[in-house]
Every structure is written in C-alpha cells, then in structure tokens.
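Structural features, examined
Here is how the chains run, residue by residue.
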Amino acid sequence: MRIAGLTDLHGRIVNFSRVLLYKPDMVIVSGDITHFGRDLRIIDYLKYLKEKENVQVLTVPGNCDNGESINKLNELNINIDGKCVEINNIKFIGIGGSNPTPFNTPNEYTEEELYTKFKNAVKGIKKEDLINNFILISHAPPKNTMADRVGEDNVGSESVRKIIEEYSPSLVICGHIHESKCIDKINNSYIVNPSQESFFISDVFDKNNKVRIKNIELIDL
C-alpha cells in the first residue's frame, strides 16, 4: 500500500494533483488541516479525494483545528483521533491535538490526556500484537527528535515519545512543528514530519503479521 502524507495545511489548497502523480492508495493529513476553522474548503478537497479519486483518506486534527472543522472531519468519517482502524491488514492509530503550547490554541491536551487517548484506542489489543505492527498518526511530534526542534529547543510530546518507546510503531506520521521537516528514527520506528513544505511517499506492507516500511521519500509541494 502506498501512503502519501501531508501536514499543517492551515486551510491552504495545495497541489493535490502533484501528490496524485505518485498514485497513492491512501492520503494522510496529520493535523492543522484548517486554521482555527477558517477556510473549510480544504476539507471539501479531502472529500473529493475520497469520493472521486477513490483514495483512502485518514486524518487527525491538529491544535489549530476547532470544533467546527473536527465535526466536518467526523462527518466524512476520516478522523481517527483516539481510534484504531485497520485497512489492508495494517492498523492505524490516531492521536490528534497537541501537548500544551504558549499560544492557547483550541485543541491542546495534557501529556496524560494524550497518552490516555492512545491507551483507549488500543484497549482490547494485546501489546505483543502491536509491537512493530502499526502506524501512528500524531499531530504532535515525539520529544527530543529532529521532528520537534524550534531553534535550540525541543517542544514535542513526551507522551508520544513514550508510546514509541513502549510500542515501537513501524512508522510515526506527525507535524505541528513547521520548521522541522525530517525523516528520523527512534529505535526501529521511522518518524516523518513533512512540514508545510512537502509531502512524503511511503510504501508499506504486511509481512508475517508485522508492518514493514519499504521506503520513505520527502517531496517538495
């Protein structure tokens, strides 16, 4: 399955035609789809991808997505915040919003609340069945990585990092920190923050009940 991932659109109508050139089976947007609920047209584009281009679409809201935009994502059945969904034998687990910021944005959570979202999403699934066997979609990047740098500071989520260290997702798709475009790793977990500047393409597949990542490439929008 080929995944294309974007983040932090903030209502911008980006060049989805360029993304579709890579023939993704799924498009993932890891938060801040709108800018405080303004310019909801971007959600109509996601609807077009799902219904007209026959592309799977998954999202989580970011800290700048408000209640109205989250409701529209829910109506399209593409918001997996706090959920685990399985597509083509691959589990996708979503954690929307972010850890606290200095800006008092509408969709922020404590670190404990972010961790609880994950635990609720995987309730009933044995831990050994998750190790190296799911894709985590989180708006907030994990703490102390290339994905969460603002100047000399690391401002990512301690809970997201804890989840990675405990459960070893095969791939972590995040965003939030615009200036931290990267592909990084924590142990065996790939981490990608495409930032506002690019999208990523990754081929993933199920092998012996484990999610394998064949490649990850960042491509300028």
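Look a little higher up for the structure.
The sections below set out a description of the structure shown in this document.

Reading the values: the criteria
Residues numbered from 1 in each chain as written. Predicted model: local features only at pLDDT ≥ 70, side-chain atom pairs only at ≥ 80, totals over all residues. Heavy atoms only, no water. Pairing = 2+ DSSP bridges. Helix = DSSP H or I, 4+ residues; strand = E, 2+ residues; numbered from the N terminus. Axes fitted to C-alpha atoms, helices over the stretch in contact; angles between N-to-C directions. Contact = heavy atoms within 4.5 Å. Buried < 20%, exposed > 50% of the residue type's maximum accessible area, 1.4 Å probe, protein only. Arc of directions from axis to C-beta. Core = buried A, V, L, I, M, F, W, Y, C linked by side-chain atoms within 4.5 Å. Phe/Tyr/Trp six-rings, centres within 6.5 Å; stacked < 30°, edge-to-face > 60°. Lys NZ or Arg CZ within 6 Å of the ring centre and 35° of its normal. Left-handed = near helix turned anticlockwise from the far one by under 90°.

On to the sheet that holds strand S13 (residues 210-220), then. Overall, mixed pairing links the five strands, which are arranged S3-S2-S1-S12-S13 in an open sheet. Looking at which strands have only one partner, the edges of the open sheet turn out to be strand S3 (56-60) and S13. In this sheet, neighbouring strand axes are inclined to one another by 20° on average, regardless of whether the strands run parallel or antiparallel. Direction of pairing for strand S2 (residues 26-30) relative to S3: parallel, over a ladder of five bridges. Bridge pairing links Val-27 to Val-57 in S3. The strands touched by helix H2 (residues 41-51) are S2 and S3; relative to S3, the strand with the most contacts, the crossing angle is about 145°.

In this section: helix H3 (residues 67-75). Inspection of H3 places Ser-69, Ile-70 and Leu-73 among the buried residues, and these make up the whole buried set. Buried residues in H3, looked at end-on, bunch into an arc of 100°, giving them a common side. Looking at the packing, one finds that the buried side of H3 touches H2 and S3. Asn-77 occupies a position one or two residues after H3 and carries a positive phi of about 60°.

Take the nonpolar core next. In terms of nonpolar packing, the biggest core is built from 22 residues, with Leu-6, Leu-9, Phe-16, Val-27, Ile-33, Ile-43 and Leu-46 touching the most fellow members. Elements that contribute at least two residues to this core include exactly strand S1 (2-6), helix H1 (16-20), S2, H2 and strand S12 (198-207). Ranked by residues supplied to this core, first place goes to H2 with four residues. The residues touching Ile-33, leaving out its near neighbours within four places in the chain, are Leu-9, His-10, Gly-11, Ile-42, Ile-43, Leu-46, Thr-59, Val-60, Asp-65 and Leu-73. Counting residues in hydrophobic clusters, the runner-up holds 20 residues, among them Ala-147, Val-172, Ile-186 and Ile-191.

Those residues of H2 that fall on the buried side of the exposure criterion are Ile-42, Ile-43, Leu-46 and Leu-49. Down the axis, H2 shows its buried residues gathered within 110° of arc, on one side only. Lining the buried residues of H2 we find H1, S2, S3 and H3.

Now for the pairing of strand S5 (residues 90-95). Of all the six residues making up S5, six are buried; the element is thus mostly covered by neighbouring parts of the structure. Residue alternation in S5 divides its side chains into two sets, Ile-90, Phe-92 and Gly-94 and Lys-91, Ile-93 and Ile-95, and both sets are buried. Bridge analysis of strand S4 (residues 84-87) against S5 gives four bridges, and the strand direction is antiparallel. Of the residues in S5, the one forming a bridge with Val-85 is Phe-92. Once S4 ends, the chain turns through two residues before running back antiparallel as S5, passing Asn-88 with a positive phi of about 55°.

This part is about the packing of aromatic side chains. The tally for this structure, following the rule as stated, stands at four aromatic pairs. Centroid distance Tyr-22 to Phe-199: 5.7 Å. Interplanar angle 70°. Geometry classified as edge-to-face. One end of the pair, Tyr-22, is in the loop between H1 and S2; the other, Phe-199, is in strand S12, and 177 residues separate them in sequence. Judged by its relative accessible area of 0%, Phe-199 falls in the buried class. Taking 6.0 Å as the distance between ring centres and 40° as the angle between the ring planes, the aromatic pair formed by Phe-118 and Phe-134 counts as tilted. Here Phe-134 lies in strand S6 (residues 134-138) and Phe-118 lies in helix H4 (residues 111-121), a separation of 16 residues in the sequence. When sorted by exposure, Phe-118 lands in the same class as Phe-134, which is buried. Through successive ring pairs, a cluster of aromatic residues spans Phe-118, Phe-134 and Tyr-167. If you follow Lys-127 out to its NZ or CZ, it ends over the ring of Tyr-167, 5.0 Å from the centre. Note that Lys-185 overlies the ring of Tyr-190, its terminal NZ or CZ placed 4.5 Å from the centroid.

Turning to the packing of H4 against helix H5 (residues 158-167), a few remarks are in order. Where H4 contacts H5, the axes come no closer than 8 Å and their chain directions differ by 35°. Viewed along their axes, H4 and H5 form a crossing whose handedness is right-handed. Facing H4, whose interface residues are Glu-111, Glu-112, Leu-114, Tyr-115, Phe-118 and Lys-119, H5 presents Glu-158, Ser-159, Lys-162, Ile-163, Glu-166 and Tyr-167.

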